[in-house]
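This is what each chain is made of:
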Amino acid sequence: MGIVMGPNQYGKAEVRLVAIDRSTARHGIKDLTVSTSLRGDLDEVHLTGDNGNVLPTDTQKNTVYAFAKEAPVGEIEDFALRLGRHFTRTAEGITGARVLVEEHAWQRIPVGGGEHDHAFSRAGDEKRTTAVTIDDGRAHVVSGLKDLVVLKSTGSEFWGYPKDRYTTLAETTDRILATAVTARWRYLGEDVDWGKSFESIRATMLEAFATTHSLALQQSLYEMGKAVLAAHEEVAEVRLSLPNKHHFLVDLEFCGLTNDNEVFFAADRPYGLIEGVVTRDDVEPQPRAWYSLPEF
Ligand SMILES: O=c1[nH]c(=O)c2[nH]c(=O)[nH]c2[nH]1
């Protein structure tokens, strides 16, 4: 029996970077969490502790900050591509890189009918994301969003499921449907207006969620992914992770009140977790683009 070192990667996780664009009096802000992972000829460090090919995670972190100073951060996809290509081109023995970026949105604070130049409020928990993989010189860009919380107060049913001796759930033709969308979509290339594509895909998913009369969150998931692929030829596949944020009708009979789908208990756990891939059937799968990605 032999023992061998399997796949591995290493890097700095969750580098918190805030970059202010001070080129005019109207400042810009980029608030990112960046994680870098390097892959390659790393057997020796695992087998013998030889660090000859180990660009320190501390250096990776410093590179993230230095890159933010040396050129405008720009779109997160471009920033991640720059970092990934830098590591794979310059670090000895490093043939692959994964750069994850989460962008935390800020809004300008409204003042006197306009917007303040350098005062911002956090836009909420939603994040724009990208996961760029460089693999033997080839780049994969998987962008997405996280924690986009949505709810429909009607237009959702759930019935027709199998029942056994453990079933207590009542069938319903009118329930609240709520979820926190985590989505990732894989781009076919790099010739993309990343910001415009993101805004449009986000709007497309929201519209599909809103307008689908849902018989199951699974059906909503498919409709959301399908709408993105129908409207965005630059996208090969969409992966969605949708927690079913259950809202339970409160029984008010104890005080003689009929609860006509108006008063709910919003449970935070446990939650159903509905996940799936919606893909074109004529594109080549790219498992390396998804390898070790959180949620998928
Ligand atoms: O949309 C739903 N899908 C399920 O698979 C499921 N299971 C469940 O208990 N409630 C729901 N709702």
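Just so it is clear, the model here is predicted, and its values are computed rather than measured.

So, about the side chain of threonine 88. Looking at the secondary structure, you find threonine 88 in helix α3 (residues 76-90). Reaching out from threonine 88, the side chain makes a polar contact with the backbone oxygen of arginine 85 at a distance of 3.2 Å. With near-sequence residues (within four places) excluded, threonine 88 lies in contact with Ile94, Thr95, Gly96, Ala97 and Ile134.

Close approach of charged atoms allows side chains with opposite charge to pair. If you walk through the whole model with that rule in mind, you get 18 salt bridges. Linking lysine 146 and glutamate 102 is a salt bridge whose minimum nitrogen-to-oxygen distance equals 2.9 Å. With lysine 146 in strand β5 (residues 138-152) and glutamate 102 in strand β3 (residues 94-111), this residue pair connects regions lying 44 residues apart in the sequence. In this structure, the salt-bridge partner of arginine 202 is glutamate 126, at a minimum N-O distance of 2.7 Å. In this pair, arginine 202 sits in helix α4 (residues 194-211) while glutamate 126 sits in strand β4 (residues 114-135), placing the two residues 76 residues apart along the sequence. Judged by its relative accessible area of 23%, arginine 202 falls in the partly exposed class. If you follow the salt bridges from partner to partner, you end up with Arg16, Asp31 and Arg122 in one network.

Next up on the list: the domain arrangement of the chain. Its domain assignment divides the chain into domain 1 (1-136) and domain 2 (144-296). In this structure, domain 1 and domain 2 have C-alpha centres spaced 28 Å apart. The interface of domain 1 with domain 2 comprises 19 residues on the first partner and 18 residues on the second. Approximately 1600 Å² of surface area, both sides summed, lies buried where domain 1 meets domain 2, with 44% of it carried by carbon and sulfur atoms. Sorting the residues of domain 1 by area buried against domain 2 places Glu126, Arg128 and Thr129 first, and these three jointly supply 32% of that buried surface. The interface formed by domain 1 and domain 2 contains five salt bridges. Breaking the side of domain 1 that touches domain 2 down by element, the ones donating at least two residues are α3, β3 and β4.

Position of arginine 138 relative to the elements: it lies in strand β5. Sequence spacing of arginine 138 and arginine 85 is 53 residues, and the spatial spacing of their C-alpha atoms is 9.5 Å. Residues in contact with arginine 138, not counting those within four places in the same chain, are Thr133 and Gln286.

In this section: the packing of helix α2 (residues 57-70) against α3. Contact geometry for α2 and α3: axes closest at 11 Å, N-to-C directions at 130°. Judged by the inter-axis angle, α2 sits oblique to α3. Both α2 and α3 take part in a crossing whose hand is right-handed. Counted together, Gln60, Thr63, Val64, Phe67 and Ala68 of α2 and Phe79, Arg82, Leu83, His86 and Phe87 of α3 form the full contact between these two elements. Of the residues assigned to the contact of α2 with α3, the class counts are six nonpolar, three polar and one charged.

In this section: the nonpolar core. Among the nonpolar cores identified, the biggest contains 53 residues, and Val34, Phe79, Val181, Trp185, Met205 and Leu240 are the most heavily contacted of them. No fewer than three residues from each of domain 1 (1-136) and domain 2 (144-296) sit in this core. Contacts of methionine 205, omitting those with residues within four sequence positions, involve Leu145, Ala183, Trp185, Met224, Val228 and Leu240. Of all hydrophobic cores here, the second largest spans five residues; its members include Ala131, Val142, Ala289 and Trp290.

Below, the discussion takes up the pairing of strand β6 (residues 177-187). For β6, the tally of buried residues reaches 11 of 11 residues, placing the bulk of the element in the interior. Burial along β6 is two-sided: the residues Leu177, Thr179, Val181, Ala183, Trp185 and Tyr187 and Ala178, Ala180, Thr182, Arg184 and Arg186 are all buried. Bridge analysis of β6 against strand β7 (residues 235-244) gives six bridges, and the strand direction is antiparallel. Within the sheet, the bridge partner assigned to threonine 182 lies in β7 and is serine 241.

Next up on the list: the site of the ligand. In the vicinity of the ligand, the contacting residues are Phe158, Leu169, Arg175, Ala216, Leu217, Gln218 and Asn244. Contact distances for the ligand include 2.8 Å between an oxygen atom and a side-chain N or O atom of arginine 175. In the model, an oxygen atom of the ligand is placed 2.7 Å from a nitrogen or oxygen of the leucine 217 main chain. Contact with the protein chains covers 70% of the free accessible surface of the ligand, which is 290 Å². Here the shell around the ligand is composed, by residue class, of four nonpolar, two polar and one charged.

Looking now at the sheet that holds β4. Read across the sheet, eight strands follow the order β1-β2-β3-β4-β5-β6-β7-β10 without closing on themselves; strand pairing throughout is antiparallel. Two strands in the sheet have a free side with no partner beyond their single neighbour: β1 (15-21) and β10 (272-279). The sheet shows a mean angle of 25° between the axes of neighbouring strands, taken without regard to direction. Examined bridge by bridge, β3 and β4 share 14 bridges and lie antiparallel to one another.

Calculation notes
- Residues numbered from 1 in each chain as written.
- Predicted model: local features only at pLDDT ≥ 70, side-chain atom pairs only at ≥ 80, totals over all residues.
- Heavy atoms only, no water.
- Helix = DSSP H or I, 4+ residues; strand = E, 2+ residues; numbered from the N terminus.
- Polar contact = N/O pair within 3.5 Å; in protein donor to acceptor, adjacent residues only side chain to side chain.
- Contact = heavy atoms within 4.5 Å.
- Salt bridge = Lys/Arg side-chain N within 4 Å of Asp/Glu carboxyl O.
- Buried < 20%, exposed > 50% of the residue type's maximum accessible area, 1.4 Å probe, protein only.
- Domains from an automatic or database assignment.
- Buried area = accessible area lost by both parts, 1.4 Å probe.
- Axes fitted to C-alpha atoms, helices over the stretch in contact; angles between N-to-C directions.
- Parallel < 35°, antiparallel > 145°, perpendicular 65-115°, else oblique.
- Left-handed = near helix turned anticlockwise from the far one by under 90°.
- Nonpolar A, V, L, I, M, F, W, Y, C, P; charged D, E, K, R; others polar.
- Core = buried A, V, L, I, M, F, W, Y, C linked by side-chain atoms within 4.5 Å.
- Pairing = 2+ DSSP bridges.
- Near = heavy atom within 4 Å.
- Areas by Shrake-Rupley, 256 points an atom, 1.4 Å probe, with all protein chains shown as cover.

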